[in-house]
Amino acid sequence: MENTIAEIQVSYSSNMTKKEKITDSEKAYSILLNSWSLDLIELQEEFKVLLLNRANEIIGLFSMSKGGLTGTVVDVKLLFAVAIKCNASGIIIAHNHPSGNLKASEQDKKITKQIKEGAKIFDIQFLDHLIITKTGYLSFTNEGII
C-alpha cells in the first residue's frame with residue numbers, strides 16, 4: 001500500500017482596491033476602535049492584530065481571541081502563523097481593557113516582549129501595541145514601552 005502525502009497550497013489575494021495607511025497611533029486607534037462593538041468593549045477583553053504591508057497599508061485585521069472581564073489568551077504562535085500566511089511586513093496588536101483603565105499590566109508588558117522577540121525572528125516590523133477603551137488609548141510605542 002502506498003502512502004499519499006497531502007500537498008499544501010499557499011495562496012494570497014486581496015480584494016481591497018484602496019488600502020488605508022497607518023501613519024500614527026491615533027490612526028491605528030481610530031481604525032481598531034471601529035472594529036470593536038461599542039456595546040461589548042466594556043464587557044469582555046478582546047485581542048486583535050492589524051496586518052500591514054511594507055508601506056504600512058492595512059492588508060487585514062485578525063480577531064485573535066475573546067476572554068472575560070480581566071483577560072484573554074494570546075497564542076503567539078498563532079499570531080505569527082496568521083501574519084506569515086498573510087504576507088504581512090508589519091503588525092500592530094491591540095486589546096481592550098473593559099475596566100476603562102489605560103495602564104499596561106505586567107502581563108501586557110510580558111506578551112509585548114514575547115511578540116517583539118518573535119517579530120525579529122520573522123523579520124516583521126512590530127509597530128505598536130495599543131490598549132483600547134471607548135474614550136481613549138495607550139500606545140506602547142508612544143510611551144516608550146516597546
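Above this text sits the structure in question.
The structure contained in this document is the topic of the report that follows. (Residues numbered from 1 in each chain as written. Predicted model: local features only at pLDDT ≥ 70, side-chain atom pairs only at ≥ 80, totals over all residues. Heavy atoms only, no water.)

1. Examining the pairing of strand E4 (residues 125-132)
- In terms of residue burial, E4 counts as a mostly covered element, since six of its eight residues are buried.
- Note: strand E3 (residues 90-96) against E4, seven bridges, orientation parallel. By the bridge assignment for E4, Ile 91 is matched with Phe 126.
- Between the parallel elements E3 and E4, the chain passes through helix H3 (residues 106-121) in a crossover that is right-handed. (Buried < 20%, exposed > 50% of the residue type's maximum accessible area, 1.4 Å probe, protein only. Helix = DSSP H or I, 4+ residues; strand = E, 2+ residues; numbered from the N terminus. Pairing = 2+ DSSP bridges. Right-handed = clockwise from strand over helix to strand, strands pointing away.)

2. So, a nonpolar patch on the surface
- A surface patch of nonpolar side chains, about 320 Å² in accessible area, is lined by Ile 84, Ile 121 and Phe 122.
- Assignment of secondary structure puts Phe 122 in the loop between H3 and E4.
- Overall, Phe 122 belongs to the partly exposed group, its relative accessible area being 41%. (Patch = residues over 30% accessible without salt bridge, like charges linked within 9 Å, V, L, I, M, F, W, Y side chains within 5 Å. Areas by Shrake-Rupley, 256 points an atom, 1.4 Å probe, with all protein chains shown as cover. Salt bridge = Lys/Arg side-chain N within 4 Å of Asp/Glu carboxyl O.)

3. Describing the sheet that holds E4
- If you walk across this open sheet you meet the five strands as E2-E1-E3-E4-E5, and the pairing is mixed. Taken across any chain shown, the strands that pair with only one partner, and hence form the sheet edges, are strand E2 (58-66) and strand E5 (137-139). The sheet shows a mean angle of 20° between the axes of neighbouring strands, direction not considered.
- With seven bridges connecting them, strand E1 (residues 46-52) and E2 associate as antiparallel partners. Pairing of Leu 52 across the sheet is with Ile 58, part of E2. (Axes fitted to C-alpha atoms, helices over the stretch in contact; angles between N-to-C directions.)

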